[in-house]
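Chain residues, written in single-letter form:
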Amino acid sequence: MTTTEQAPAPATGPDGDPIPARRGPRRLLAALAGLLAAAVALGVAELVAGLVGPASSPVVAVGDTVITLVPEPVKQFAIRTFGENDKIALVVGTLVVVALYALVVGLVSLRSRRAGVAGIALFGLLGAAAAVSRPAGGVLDALPSAAGAVTGAVALLALLAPLTLPTTAPASAPETAPAARDDDADVMERLRGALSMADRKGTGMDRRRFFLTGGVALGAAAVTGGGGRLLQRRFDVGNARGELTLPTPSSRAAALPRGADLAERVEGVTPLFTANRDFYRVDTAITVPQVRPADYRLELTGMFDSPRTHTLADLFERDDVIERDITLTCVSNEVGGGLAGTARWTGIPLGAFLREHGVSGDSDQLLCRSVDGMTIGAPTRAALDVEDAMIAFGMNGEPLPVEHGFPVRMLIPGLYGYVSACKWMTGIEATTFDAFDAYWVERDWAVQAPIKLASRIDTPAPLRAFDAGRRPIAGVAWAQTRGIARVEVRVDEGEWQEAELAPQADADLWRQWVLPYDFAPGSYQLTVRATAADGEVQTDQRATPFPNGASGLHSIRVIAR
């Protein structure tokens, strides 16, 4: 018989953890362990966020912080590239960064458990800090990130345990004739060898145990994450919104002239009114604020003679409810872009409401606050003087959609949304521009932001071939509060040709236009320009949206075959 050989003790790191000698498969599984631990952490965080509130989720909180901190050119790039899907892109990007970070944490943890746990703790600390530091954040908002970090660390240690098992070499068997064994036993022996492996340096790896533990972790992440999402639905105010009935306006929108909507006879032109589901949405809220109608309060503060707080019922019960057709435009809209839309809004006159509460003549800014902490600085004079400025609670005949500011928002025709269209509005402070810079002004956007005269070609579509012959060139133009007097189209370098305008419905609405044109086969450059009712002709000088809105003429290349 041979003597029994004892394997040397495994090498250890500074904190006593065994250092594996075989790196290939072990490192891959360690990285996977970090990823699975992060999934568990995020799942548990979502579950706790289902109790605290959706905005406390670390992914949402970190995303909100990223939106706040990134430079304006990066934000504009995101809007240009992803449009209204910019928030989805941000969340996906955040998850990718978390995944990469988790892979690194898993690899580091092979050498030092303490370093791995510290990496998970740092992840939780960043999430908690982002959640608490939000304008509307509180101490409880740190709980999801803290709970996620603790469970993530536990999951990481559990997943790493099968990858660094100390072992000893087995005693040599007596030198006897090999025993006969059947084929099934041989297959099982090989399978056990594949699932459980030990190297000659004294560190073992139990793959079967790792994959069993990983399966449990993945299941826990799915259950907690899915459960958290379900729990977060309890904050949804969709049902409460559906139960509301808008008050009957005492002042209806002006009747539309016959044939006011060219979209009824010209294919491809933008309709006069934009359906709620198609209305553009640009804001900083990754998760849409949910405000229950019964809990809603609009607080007036600052330079008012009689500041007070109003409920939604107070606003609904007023006898000066109005209905108006107004086109809104986002300052991020590029020349020819789609970040503009028209709706029939219901609300109360903003100017009358402010005067009723004795707004001071020394106030030149209305600092409007959203439930999520966003601040919008609107010029007091515009709020008082623009006839159709309103505190709105209805959109196209129904309560405001949640993503468009339910239950209450502000809008002032003729001003870009970042200085006038506060959504989920819960406060109006009468103050001055010298006393306070609102969110966008802090980021160097212009204080005064009148909407620039603009026009757009909707049809034909650029770079899409169409049959030669007579077909319409058509689109929309807008100059809110002033109205559109003329639209002209130029084909290549030819003379400007005046287009037919749809009947003027209201100066606050965009105006559709059409120019029939005989296209021979070939390529054409189409350009449009508008003239406002006050005589201003749209400039051909190009400007980017930052800092006070884009300008220039919309020009496209089309192909007739």
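All values reported here derive from a predicted model rather than from experimental measurement.

What follows is about the sheet that holds strand β14 (residues 454-459). Taken in spatial order, the four strands of this open sheet run β14-β16-β20-β19, and their pairing is antiparallel. Either end of the sheet is taken by a strand with one partner, and the two such strands are β14 and β19 (500-501). As defined by bridge partners, β14 adjoins strand β16 (residues 469-478) across five bridges and the pair is classed as antiparallel. Bridge pairing in β16 links Ile457 to Gly475.

Next up on the list: the pairing of strand β9 (residues 375-379). The buried count for β9 comes to five of five residues, which makes it a mostly enclosed element. The two faces of β9 match: Thr375, Gly377 and Pro379 on one face and Ile376 and Ala378 on the other face are all buried. What sits between the antiparallel neighbours strand β8 (residues 365-370) and β9 is a turn of four residues, in which Gly373 has the positive phi angle 95 degrees.

Another point: the packing of helix α1 (residues 24-52) against helix α6 (residues 143-160). Their axes nearest at 7 Å, the elements α1 and α6 cross at an angle of 150 degrees. As judged from the angle between their axes, α1 and α6 are roughly antiparallel. The element α1 and its partner α6 pack so that their crossing is right-handed. Of the residues in α6, those touching α1 at Ala30, Ala33, Gly34, Leu36, Ala37, Val40, Ala41, Val44, Ala45, Val48, Ala49 and Val52 are Leu143, Pro144, Ala147, Gly148, Thr151, Gly152, Ala155, Leu156, Leu159 and Leu160. When the residues that make up the contact of α1 with α6 are grouped by side-chain class, the tally is 18 nonpolar, four polar and no charged.

Take the nonpolar core next. One broad trend across soluble globular proteins is that nonpolar side chains are buried collectively. In terms of nonpolar packing, the biggest core is built from 57 residues, with Ile391, Ile412, Tyr418, Met425 and Ile428 touching the most fellow members. When near neighbours in sequence (up to four residues on either side) are disregarded, Ile391 contacts Leu298, Thr346, Gly347, Ile348, Leu350, Phe353, Val408, Arg409, Met425 and Ile428. Of all hydrophobic cores here, the second largest spans 24 residues; its members include Val489, Leu501, Leu515 and Ala532.

Pairing in this open sheet of five strands is mixed, and the strands run β5-β4-β13-β8-β9 from one edge to the other. For this open sheet the edge positions go to β5 (309-311) and β9, each flanked by a neighbour on one side alone. Strand-to-strand twist of the sheet, defined as the mean angle between neighbouring strand axes without regard to direction, takes the value 20 degrees. In terms of strand pairing, strand β4 (residues 297-302) meets strand β13 (residues 425-431) through four bridges, oriented parallel. The partner of Glu299 across the bridge, within β13, is Gly427.

Another aspect to go through is the packing of aromatic side chains. As enumerated under the stated definition, the model contains 13 aromatic pairs in all. Ring centres of Tyr517 and Tyr524 lie 6.4 Å apart, and the angle between their planes is 80 degrees; this geometry places the pair in the edge-to-face category. By relative accessible area, Tyr524 is classed as buried at 10%. By the ring-pair criterion, three or more aromatic residues cluster together here, those being Tyr418, Tyr439, Trp440, Trp445 and Phe546. When the ring centre of Phe436 is taken as origin, the NZ or CZ atom of Arg369, which lies over that ring, is 5.6 Å away.

Rules and cut-offs
- For every chain, the first residue of the written sequence is number 1, and numbering continues from 1 onward in sequence order.
- Given that this is a predicted model, residues contribute local features only at a pLDDT of at least 70 and side-chain atom pairs are listed and counted only at 80 or more, while totals for whole chains, interfaces and linings are drawn from all residues.
- In computing side-chain values, all of the structure's heavy atoms are included and hydrogens and water are not.
- The pairing criterion for strands is at least two bridges between them, as found by DSSP.
- Note on conventions: DSSP H or I runs of at least 4 residues are helices, E runs of at least 2 residues are strands, and numbering of each starts at the N terminus.
- Relative accessibility thresholds used throughout: buried, under 20% of the residue-type maximum; exposed, over 50%; partly exposed, between the two (1.4 Å probe, protein chains only).
- Axis definition: a line fitted to C-alpha atoms, limited for helices to the stretch in contact. Angles are taken between N-to-C directions and run from 0 to 180 degrees.
- Just so you know how the angles are binned, under 35 degrees is roughly parallel, over 145 roughly antiparallel, 65 to 115 roughly perpendicular, and the rest oblique.
- Each helix crossing is assigned a hand: it is left-handed if the near helix lies turned anticlockwise from the far helix by less than a right angle, otherwise right-handed if that turn is clockwise.
- Any two residues whose heavy atoms approach within 4.5 Å at even a single point are treated as in contact.
- Three classes are used, and their members are as follows: Ala, Val, Leu, Ile, Met, Phe, Trp, Tyr, Cys and Pro are nonpolar, Asp, Glu, Lys and Arg are charged, and the others, Gly among them, are polar.
- By convention a nonpolar core is built from buried Ala, Val, Leu, Ile, Met, Phe, Trp, Tyr and Cys residues, the set being connected through side-chain atoms within 4.5 Å.
- For Phe, Tyr and Trp, where Trp contributes only its six-membered ring, two rings pair if their centres lie within 6.5 Å, and the inter-plane angle classes them as stacked under 30 degrees, edge-to-face over 60, or tilted in between.
- Here, a charge over a ring is recorded when the distance from Lys NZ or Arg CZ to the ring centre is within 6 Å and its angle to the ring normal is within 35 degrees.

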